[in-house]
Amino acid sequence: MAGTREKDVILLAIVLGLGGPYYHDASACLVIDGKVVAFAEEERFSRRKHHKDSRSCAVAAAYCLSEAGITLDDVDEIAIAFNPAWPTPSDTCTDADLIAELLDPTLFGHHRPRQVTVVEHHLAHAASAFHPSGFDEAAVLVVDGSGDGVSATLAHGTTDGLKVLRQFPFSQSLGWFYETVAEHLGLGDWTSSGKLMGLAGYGNPDRYSLDFLNPRAGGYHLDLSRYGIRPDESVDDQYTDLRYYRRLKTAYATAYTDLGIPPHRRARTYTGGRTIPDTGYRTEHADLAASAQRLLEQCLTELAREALAATGTTRLCIAGGVGLNCSANGRLAQLRGVEKLFVQPAAGDAGCAIGAALEVALRRGDLTLPGQAMASAALGPAFAPGTVRTLLDDYGLPYRDHGADLPTAAAGQIALGRTVGWFQGRMEAGPRALGRRSILADPRHTHTRDHINDHIKHREPWRPLAPALLAEAAPDLIGTSTPHPFMIVARQATDTARRLIPAAVHTDGTLRPQTVARDATDPYAALLASFAEQTGRPPALLNTSFNHEAEPIVCTPRDAIATFAAGPLDALAIGPFLVRKERRN
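To keep things clear, this report deals only with the structure shown in the data block. (Residues numbered from 1 in each chain as written. Predicted model: local features only at pLDDT ≥ 70, side-chain atom pairs only at ≥ 80, totals over all residues. Heavy atoms only, no water.)

1. Digging into the sheet that holds strand S21 (residues 466-470)
Phase 1 of the analysis: Strand order in the open sheet formed by 8 strands is S18-S27-S26-S19-S20-S25-S21-S24, and the pairing between neighbours is mixed. Single-partner strands in this sheet number two, and they are strand S18 (400-401) and strand S24 (514-516).
Phase 2 of the analysis: Bridge count between strand S20 (residues 437-441) and strand S25 (residues 540-545): 4 bridges; the pairing is antiparallel. Along S25, the bridge assignment pairs isoleucine 439 with threonine 544.
Phase 3 of the analysis: Against the sheet, helix H11 (residues 385-395) touches S18, strand S26 (571-574) and strand S27 (577-580), its axis set at about 25° to S27. (Pairing = 2+ DSSP bridges. Helix = DSSP H or I, 4+ residues; strand = E, 2+ residues; numbered from the N terminus. Contact = heavy atoms within 4.5 Å. Axes fitted to C-alpha atoms, helices over the stretch in contact; angles between N-to-C directions.)

Pasting the structure below:
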């Protein structure tokens, strides 16, 4: 057995999962004895957002292996989150070129795995949501653009594993519908779909009737016959070469244009050595965004009702790219019949590495369900204080070592109205900053939010920012004591939140909270507590990911220092060290 350590006389069951098979969001996850010990996204190392146009998981995998002190040769089984032979069913893949594309042999001592295990794409998504949920039974809902020819899956999770109940083909994709609206409005390609959710808050959802997509009992139905695509048309042969996808985009563009909204391409202005896109929006654009958001939520609601009814459970698990839609998740959380909700924080294709690895671990008998609930997304690299100090010295940056008092010092900076880059511990999984790689500020003033959007993140001023808060403040600010650890479920702001943390409240009255348990050993919790002690205000901060618009979330101290130096952040709290920029009078 490859997992045997003769020197330790220990048998370990080791599974490596690989995600992001469709030339974006590549990732790797290492599961040992049924437990996730490491996960990372390739973009964090390549510094290319979503690691677009590549499906290599090599550096993320190398990190995961190094975290456990093992080599690729030690791994018992490697799982991929798609079927390369689709539509032909397949349990394994022995394509040497594909395996080398995923895991560059030069990073692994020229070791070349002979075989990888195939986990169907939506099954990997479903496993990423159910297996770490801690539930012994749940309805599982997966919705994305598509994968292995499927765009939505309803499943039943039990202690025996997952049973697929119903699936919707790629020709009924809700994810593709939503992304085409964002692209039509000039917000960017599919990677910018999340912007549409923010813009929707400014619009009137009653203005446009998108009657080609109809929510109905049991799910929904998409009919683009008026635009050249019949729902009963055989299109499987147009899937892998993207012919159908291109036809679909053309059909949707016609549909939106027929509403009186032509395709929008944002103007750009050259200034200061860079081009800056127009960040404004038109009323009709916000109204279309709002109409699309509400329609998506209605379709998801029908899918969730069907899944809950079919399983007879009150617990719901969510994954798939559409699962990153916080507003929709907030609606599902309030759905009658949902008592507990778990949304995988890495709900997109990167999270498939987690699901594929856990699914294989379950099949092997390494994982017993229900497993331990996923309470933290801190699964990535961490860096020792000595490493950080050496780098700060190399760059000639002045700093002060505050040791265990670093949270107090950083809170003091934020209390003075300064914006702080926060780099602590293991990097988070998923696209949301969760107190490991964050930009933090005082949520009392909306001009702080505007400053971060405009000058630090270089993005649209209408994009919302989220609050991080101690769990004890949750009832007053979000109206519930239910934990919200992953900033992925929207809540209605209370009157108290609107008054005391207005910069974290979106224009539609919602916020996207992260609740943090009070823990004296956690620097993030200590920071929130110290901010409250120093200001007399709630233990809540404005939190956004530590990066600017054109880059992924920072991974290494070097990344953090570069982003800190390149923009108007006031201070950097990195390990026990605080670096401050001198303010000019």
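Let's pick the thread back up.
2. A look at the layout of surface pockets
Phase 1 of the analysis: Quantified by volume, the second largest pocket comes out at close to 990 Å³.
Phase 2 of the analysis: If you trace the second largest pocket, you find 39 residues lining it, with Pro483, His484, Pro485, Phe486 and Thr515 closest to the centre.
Phase 3 of the analysis: Within the residue set of the lining of the second largest pocket, elements represented by two or more residues are strand S17 (340-343) and S24.
Phase 4 of the analysis: It is S17 that contributes the most residues to the lining of the second largest pocket, 4 residues altogether.
Phase 5 of the analysis: Tallied by class, residues from the lining of the second largest pocket come to 24 nonpolar, 8 polar and 7 charged. (1 Å grid on protein atoms, 1.4 Å probe; cavity = no way out; pocket = protein on both sides within 12 Å on 5 of 7 lines; lining within 4 Å. Points joined across faces, edges and corners; volume = space filled by probe spheres on them. Nonpolar A, V, L, I, M, F, W, Y, C, P; charged D, E, K, R; others polar.)

3. Description of the packing of aromatic side chains
When we look at a pair of aromatic rings, we describe it by the centre distance and by the angle of the planes.
Phase 1 of the analysis: The final tally for this structure, using the stated rule, is 20 aromatic pairs.
Phase 2 of the analysis: Between phenylalanine 168 and tyrosine 220, the aromatic rings sit 4.7 Å apart at their centres with planes inclined by 10°, giving stacked as the arrangement. With a gap of 52 residues between them, phenylalanine 168 in strand S11 (residues 161-169) and tyrosine 220 in strand S13 (residues 219-222) connect regions that are remote in the sequence.
Phase 3 of the analysis: The interplanar angle of 35° and the centroid separation of 6.4 Å between the aromatic rings of tryptophan 176 and tyrosine 244 together place this pair among those described as tilted. Taken together, the positions of tryptophan 176 in helix H5 (residues 174-184) and tyrosine 244 in helix H7 (residues 243-258) put the pair 68 residues apart, joining distant regions of the chain. With respect to class, tryptophan 176 is no different from tyrosine 244; both count as buried.
Phase 4 of the analysis: Grouped by ring-pair contacts, the aromatic residues Trp86, Phe170, Trp176, Tyr239, Tyr244 and Tyr245 constitute a single cluster.
Phase 5 of the analysis: It is arginine 437 that lies over the ring of phenylalanine 423; its NZ or CZ is 3.8 Å from the centre.
Phase 6 of the analysis: Seen from the ring of phenylalanine 564, lysine 581 lies directly overhead, with NZ or CZ sitting 4.4 Å from the centre. (Phe/Tyr/Trp six-rings, centres within 6.5 Å; stacked < 30°, edge-to-face > 60°. Buried < 20%, exposed > 50% of the residue type's maximum accessible area, 1.4 Å probe, protein only. Lys NZ or Arg CZ within 6 Å of the ring centre and 35° of its normal.)

4. Let's talk about helix H8 (residues 283-311)
Phase 1 of the analysis: With 29 residues, H8 should cover 42 Å at 1.5 Å per step; its first-to-last C-alpha distance of 42 Å lies within 8% of that length.
Phase 2 of the analysis: For H8, a buried count of 21 out of 29 residues is recorded, marking the element as mostly surrounded by other parts of the structure.
Phase 3 of the analysis: A positive phi of about 70° marks glycine 312, the residue just after H8. (Expected span 1.5 Å × (residues − 1).)

5. Details of the pattern of salt bridges
Phase 1 of the analysis: Under the counting rule described, the total for this entry stands at 31 salt bridges.
Phase 2 of the analysis: Of the charged contacts in the structure, one is a salt bridge between arginine 243 and aspartate 237, with a shortest N-O distance of 3.8 Å.
Phase 3 of the analysis: The partner of arginine 364 in a salt bridge is aspartate 366, with the nearest N and O atoms 2.9 Å apart.
Phase 4 of the analysis: Residues joined by salt bridges that share partners form a network here, namely Lys195, Arg266, Glu460, Arg463 and Glu549. (Salt bridge = Lys/Arg side-chain N within 4 Å of Asp/Glu carboxyl O.)

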